[in-house]
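Structural description and commentary
Letter by letter, the chains look like this.
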Amino acid sequence: MPEQRLTQWEATSLMVGAGVGAGIMAVPFLTERVGFIGLAIILPVAWAASALIHLMLAEVLFRTGRDLQIVELMRFYVLRGRAGRWLLWSVFALLSIAFLANLAAYVSGAGEILAGLTGINRRLAEFLIYAISAGVVFFGLKAIGIAERFATLALVGLTAVIGAGAFSVPFQLQLELSGSATQWLALYGMVMYALWTFYSVPQVVKGLGPDHRGAVRAILVGLGINGVLTAVIALFALGISTRVTEVAIIGISERLGAWASITGSLFIMFALVTSYWSVSLALADILRERTGLSEKTAWLLATLPSLLILWGGVWQFLDWLRLAAGATAIVVALITLPMYWQARKTGPVTHPGWELGRWGQPAMLALALLALILMAIGSLVSV
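Residues numbered from 1 in each chain as written. Predicted model: local features only at pLDDT ≥ 70, side-chain atom pairs only at ≥ 80, totals over all residues. Heavy atoms only, no water.

Right, let's get into the overall build of the protein. Along the backbone of the protein there are 15 helices and 0 strands. Its C-alpha radius of gyration of 20 Å places the protein within 12% of the 21 Å reference for a compact globule of 383 residues. Taken along the three principal axes of its C-alpha coordinates, the protein extends 60 × 45 × 40 Å. A buried classification covers 58% of the 383 residues belonging to the protein. Sequence separation of at least 24 residues holds for 84% of the intrachain contacts in the protein that already meet a minimum separation of 6. (Helix = DSSP H or I, 4+ residues; strand = E, 2+ residues; numbered from the N terminus. Rg over C-alpha atoms; globule rule 2.2 N^0.38 Å. Buried < 20%, exposed > 50% of the residue type's maximum accessible area, 1.4 Å probe, protein only. Contact = heavy atoms within 4.5 Å.)

Right, here's the structure in full:
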């Protein structure tokens with residue numbers, strides 16, 4: 001539908017919003033154990049691996065010529081026949097659980113901040129965050145693109161404000177390398193998660209229509225902005241925080257004073273809500289394609305359960321992230337790479353207008369598989 005078309009900036013912002021969320025706030029807490037130089041080593045590696053995997057999915061979509069989500073792409077290329085049909089439903093269930101874990105983490109983190117800022121009841125704060133977040137998703141892709149555009153500008157502006165304030169306090173940064181192999185893996189897993197906007201790629205490709213090179217630019221620039229914000233937030237948190245908290249902005253705000261508490265609270269809420277928009281839209285589209293539900297019913301099932309399972313109180317903040325990141329990486333590692341290879345050989349569109357070329361050869365697929373396996377391990381280990 002023409003009214004669903006995104007501008008280049010809206011598509012890029014969709015990628016930024018999907019990544020700047022819970023993961024970026026947890027990176028400094030894990031970076032403290034290995035040192036900032038450790039993050040400087042891990043971040044470019046994670047960005048390169050993440051970019052390669054995201055672009056593989058983009059090429060699959062280009063070669064398919066249809067606006068399909070990840071589950072239906074799997075059905076189209078690799079999960080066929082009776083056994084494939086049952087496996088596809090299993091993948092669908094696992095991804096749904098991972099998505100709901102993501103969404104619950106976003107509502108939990110943003111609700112905690114809102115409750116602390118306003119003094120209202122925690123459950124009421126979580127409900128308000130849910131209502132605002134799910135409300136935008138109700139109106140579809142274009143509405144989310146517009147909202148993400150303004151939210152991205154707000155996130156960059158708030159980061160600049162916090163950065164300016166950081167110059168007013170002593171700055172001390174641990175540069176020497178430290179930490180165990182497990183701690184390095186945990187940091188790598190969380191950095192990959194902070195850059196993980198995989199399920200927004202179909203929305204970006206759909207929103208930009210025939211402009212395949214524009215979609216590639218949106219993916220790469222969006223991941224680049226996420227990488228820069230991840231590094232900057234970690235630099236501030238490690239350099240000025242008296243204690244590096246699980247949600248990094250809290251520790252930064254404690255060090256800079258009341259004004260930073262408000263700024264930090266706004267940052268974290270924007271970050272988590274933008275991620276909620278992207279993830280819940282992807283889940284709603286997957287539900288609609290897999291089950292044939294109406295758009296509004298799929299929207300309700302993609303959003304409301306995240307609030308209900310959060311109120312069950314089973315996991316804490318970081319545990320939600322480990323569950324979501326680990327489950328997601330395992331599914332992608334097992335299925336998406338062979339799907340990409342099959343799409344290159346049998347995709348309906350033989351000349352998609354853009355392709356990975358030599359970056360999509362078997363050696364690169366093997367490296368991508370290794371990166372995803374390490375992400376899964378790092379996301380599930382305890383530190």
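Once you've had a look at it, read on.
On inspection of all chains with the given rule, the structure shows 9 salt bridges. Between arginine 290 and glutamate 72 there is a salt bridge, with its nearest N and O atoms 2.7 Å apart. Of this pair, arginine 290 sits in helix H12 (residues 258-291) while glutamate 72 sits in helix H4 (residues 70-77), placing them 218 residues apart in sequence. In this structure, arginine 290 and glutamate 72 share a single accessibility class: buried. Glutamate 126 is the salt-bridge partner of arginine 122, the closest N and O atoms lying 2.9 Å from each other. Note that arginine 122 and glutamate 126 are positioned in helix H6 (residues 122-137) at a spacing of 4 residues, about one turn of the helix. One salt-bridge network, held together by shared partners, links Glu10, Lys142 and Arg149. (Salt bridge = Lys/Arg side-chain N within 4 Å of Asp/Glu carboxyl O.)

Next up on the list: the nonpolar core. Considering soluble globular proteins, one finds that nonpolar side chains tend to be buried as a cluster. In terms of nonpolar packing, the biggest core is built from 133 residues, with Ile70, Met74, Val191, Trp196, Tyr199 and Phe267 touching the most fellow members. Among residues more than four places away in sequence, those in contact with phenylalanine 267 are Val20, Met25, Leu155, Leu158, Thr159, Ile233 and Ile249. (Core = buried A, V, L, I, M, F, W, Y, C linked by side-chain atoms within 4.5 Å.)

Of note, alanine 160 is situated in helix H7 (residues 141-166). Judged by its relative accessible area of 53%, alanine 160 falls in the exposed class. Counting along the chain gives 114 residues from alanine 160 to alanine 46, while the straight-line C-alpha distance between them is 24 Å.

What follows deals with the packing of aromatic side chains. Overall, the coordinates contain 9 aromatic pairs when judged by the stated rule. Ring plane angle 85 degrees and centroid distance 6.2 Å describe the contact between phenylalanine 62 and tryptophan 354, whose orientation is recorded as edge-to-face. Placement of the pair is phenylalanine 62 in helix H3 (residues 36-64) and tryptophan 354 in the loop between helix H14 (317-346) and helix H15 (362-380), with a sequence separation of 292 residues. By relative accessible area, which is 2% here, phenylalanine 62 ends up buried. The class of tryptophan 354 is buried, set by a relative accessible area of 15%. Ring geometry for phenylalanine 138 against tryptophan 299: centres 5.0 Å apart, planes inclined by 80 degrees, an arrangement best described as edge-to-face. Highlighted residues: phenylalanine 138 in the loop between H6 and H7 and tryptophan 299 in helix H13 (residues 295-310), separated in sequence by 161 residues. Ring-pair connections join several aromatic residues into one group, and the members of that group are Phe99, Trp196, Phe198 and Tyr199. One Lys or Arg, lysine 296, reaches over the ring of phenylalanine 138 and ends 4.0 Å from the middle of that ring. (Phe/Tyr/Trp six-rings, centres within 6.5 Å; stacked < 30°, edge-to-face > 60°. Lys NZ or Arg CZ within 6 Å of the ring centre and 35° of its normal.)

Relative to the helices and strands, serine 96 resides in helix H5 (residues 81-118). Under the relative-accessibility criterion, serine 96 is labelled buried at 13%. At 2.8 Å, the side chain of serine 96 forms a polar contact with the backbone oxygen of phenylalanine 92. (Polar contact = N/O pair within 3.5 Å; in protein donor to acceptor, adjacent residues only side chain to side chain.)

Locating arginine 217 in the fold gives a position in helix H10 (residues 212-240). In this structure the C-alpha to C-alpha distance between arginine 217 and threonine 12, which are 205 residues apart in sequence, comes to 7.9 Å. Apart from residues lying up to four places away in sequence, arginine 217 is in contact with Gln8, Asp211 and Gly222.

Let us look at a nonpolar patch on the surface. Judged by side-chain polarity, Leu124, Phe127, Leu128, Leu300, Leu304, Leu308 and Trp311 come together as a nonpolar surface patch covering roughly 580 Å² of accessible area. With respect to the helices, strands and loops of the structure, leucine 128 is situated in helix H6. (Patch = residues over 30% accessible without salt bridge, like charges linked within 9 Å, V, L, I, M, F, W, Y side chains within 5 Å. Areas by Shrake-Rupley, 256 points an atom, 1.4 Å probe, with all protein chains shown as cover.)

Further remarks concern H4. For H4, a buried count of 6 out of 8 residues is recorded, marking the element as mostly surrounded by other parts of the structure. Three or more residues of H4 are buried, namely Ile70, Val71, Glu72, Leu73, Met74 and Tyr77.

Our focus in this paragraph is H3. Taking 1.5 Å per residue, 29 residues should reach 42 Å; H3 reaches 42 Å between its end C-alpha atoms and fits that length. The buried count for H3 comes to 22 of 29 residues, which makes it a mostly enclosed element. Downstream of H3 by a residue or two, glycine 65 has a phi angle that is positive, lying close to 75 degrees. (Expected span 1.5 Å × (residues − 1).)

Taken N-terminus to C-terminus, the directions of H5 and H12 make an angle of 155 degrees; their axes are 9 Å apart at the nearest point. On the basis of the axis angle, H5 is roughly antiparallel to H12. H12 is crossed by H5, and the crossing has left-handed handedness. Broken down by class, the residue content of the contact of H5 with H12 amounts to 22 nonpolar, 7 polar and 1 charged. (Axes fitted to C-alpha atoms, helices over the stretch in contact; angles between N-to-C directions. Parallel < 35°, antiparallel > 145°, perpendicular 65-115°, else oblique. Left-handed = near helix turned anticlockwise from the far one by under 90°. Nonpolar A, V, L, I, M, F, W, Y, C, P; charged D, E, K, R; others polar.)

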